Amino acid sequence: MPGNQPRHAEVRGRSPGLEARTSLPRGARPFHDFATLLRAEGFPIATDQTIAFLEGIALLGPRTMRDIYWAAWSTLAPPPNRAGEFDALFHAFFHVEAGLGTRAESMPEEDAPARESGSADLDPAIAERANESGQAASETEALSIKAFEAMTGDARLALMQRRLQARAPQRRGYRRAPCRRGDRLDLRRSLSAMVHHDPGALRPVWTRRADRFRRVLLLIDISGSMKRETDDYLRFAHALTQALPAVEIFSFGTRLTRLTPSLRHKDIDRALAEIAPSVADWQGGTRIGDSLAAFLAIPRFARASRGALVVVLSDGLERGDPDQMVHAVRRLAARSWRLAWLTPLAADPEFSPETAALKAILPIVDHLGIGAGIESLCDFIEGSARLGATAPAPGRSGGHHGHPDHRRPSPHLATGRPAVAGRTDAAADLRPL
């Protein structure tokens, strides 16, 4: 194994490139460095995967190099079409050609294979000044720690949390519940009531599939061009997580980070204190296409978008290849119930999409709206259930995913309610049973 690798590595709740990170034991550093090498070679490796790889190594021992290989394969999850490349990098890093992995990791960023075409035209110093102003997007990665001020309660967010109990998007669940006018007879409960009571005085018990809150997926752009909105977005994400049972939150700039576990804390200051050191790309560059592709490439992340209301909070100023962003947005839309893109630029009454990426995704997204400030975000989420009353965007693909209920209608609904349900003496029809 290579012995002289970078001195710092990821630990739970932290990311590489931060001065406040904790050093790993010498024996664990090569495993972290291998995950870093895969990320540099364009593999979609999330921070959670690196942590799972290190935990897997600790669990296995390991006794042999084969244990290390299968721990890496099961936790880092290389795409099937890149399995050969993964094996070659593993062999180069952990066997006789370990020096190759060291050289690949030390490549300048502009020469790294994961960079998009046209990335070398941005000077890092120029990109840094652009990020400080917050007016321009950059693809150059800039790692930093964000400091949050103490948050106070917001009356608009509290009102949103109360309203969502009645206004949040819903879907039909699989479990059935008793109701007065259902689509299926609950024979067991009906017969049980007849046994214990006078059959002539009872009505049959009907059931229907109970409604459940639809999952909400929130993808937050934290790049330099969005730094004025970041605090409001995180406050909104925290309130949304507390109000609904199924919410997933991710941040992206040049990397993808899952924020959901931290935002589940009821105390927002505690939640933000956990988030601040775990996100390395605050106010950095913009790689929307790469970030969305990384989200879709990790199965346990991608399943959060299936049948969900997906909301992207971003200005859409993609510095990479717009075709990659459009492809990722189309895949995301095909998996989701509805896809909304909220941008602070839309607050301008004269706003119209000007970038190639935003123009290309207009036929794909179901809603392009204002994402500036708490008020606009709350207004959108409170009215998001109405998106199901409209047809899906014409540019999305994905078979039955465009159906408002995201599923085919029940055969009981298709054939209508049984005629017995509409009769006043309906219980009499149960006597022959």
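Our structure's up above, just so we're on the same page.
None of the values given here were measured: they were computed from a predicted structure. (Residues numbered from 1 in each chain as written. Predicted model: local features only at pLDDT ≥ 70, side-chain atom pairs only at ≥ 80, totals over all residues. Heavy atoms only, no water.)

A.B. asks: Got a sec to walk through the pattern of salt bridges? Specific residues and values, please.
C.D. replies: This structure, assessed with the given rule, holds nine salt bridges. A salt bridge links Asp 232 to Arg 235; the shortest N-O distance between them is 3.6 Å. A residue pair is termed a helical-turn pair when its members lie 3 or 4 positions apart in one helix, as Asp 232 and Arg 235 do in helix H9 (residues 230–243) at three residues. Several salt bridges converge on common partners, so that one network encompasses Arg 156, Arg 163, Arg 167, Glu 375, Asp 379 and Glu 382. (Salt bridge = Lys/Arg side-chain N within 4 Å of Asp/Glu carboxyl O. Helix = DSSP H or I, 4+ residues; strand = E, 2+ residues; numbered from the N terminus.)

A.B. asks: Provide a residue-level description of helix H4 (residues 83–94), including the pertinent values.
C.D. replies: Between its first and last C-alpha atoms H4 spans 16 Å; for 12 residues at 1.5 Å apiece the expected length is 16 Å, and the two agree. Of all the positions in H4, only Ala 83, Phe 86, Leu 89, Phe 90, Ala 92, Phe 93 and Phe 94 are classed as buried. (Expected span 1.5 Å × (residues − 1). Buried < 20%, exposed > 50% of the residue type's maximum accessible area, 1.4 Å probe, protein only.)

A.B. asks: Help me get a handle on the packing of helix H2 (residues 47–60) against helix H3 (residues 65–76), residues and values and all.
C.D. replies: Geometry of a packed helix pair, given as the angle between the helix axes and the separation of the axes. One way to put it is that H2 packs onto H3 with a least axis distance of 9 Å and a crossing angle of 150°. Here H2 is positioned roughly antiparallel relative to H3, judged by the angle of their axes. Helix-helix and strand crossings are classified by hand; for H2 and H3 the assignment is right-handed. Between H2 and H3, the contacting residues are Gln 49, Thr 50, Ala 52, Phe 53, Ile 57 and Leu 60 on the first element and Asp 67, Ile 68, Ala 71, Ala 72, Thr 75 and Leu 76 on the second. (Axes fitted to C-alpha atoms, helices over the stretch in contact; angles between N-to-C directions. Parallel < 35°, antiparallel > 145°, perpendicular 65-115°, else oblique. Left-handed = near helix turned anticlockwise from the far one by under 90°. Contact = heavy atoms within 4.5 Å.)

A.B. asks: With reference to specific residues and values, describe the environment of Ser 291.
C.D. replies: If you trace the backbone, Ser 291 turns up in helix H12 (residues 288–297). Judged by its relative accessible area of 3%, Ser 291 falls in the buried class. Each C-alpha atom of the pair Ser 291 and Thr 257 lies 9.3 Å from the other, and the pair is 34 residues apart in sequence. Residues contacting Ser 291, with those up to four places away along its chain left out, are Phe 252, Gly 253, Thr 254, Arg 255 and Leu 256.

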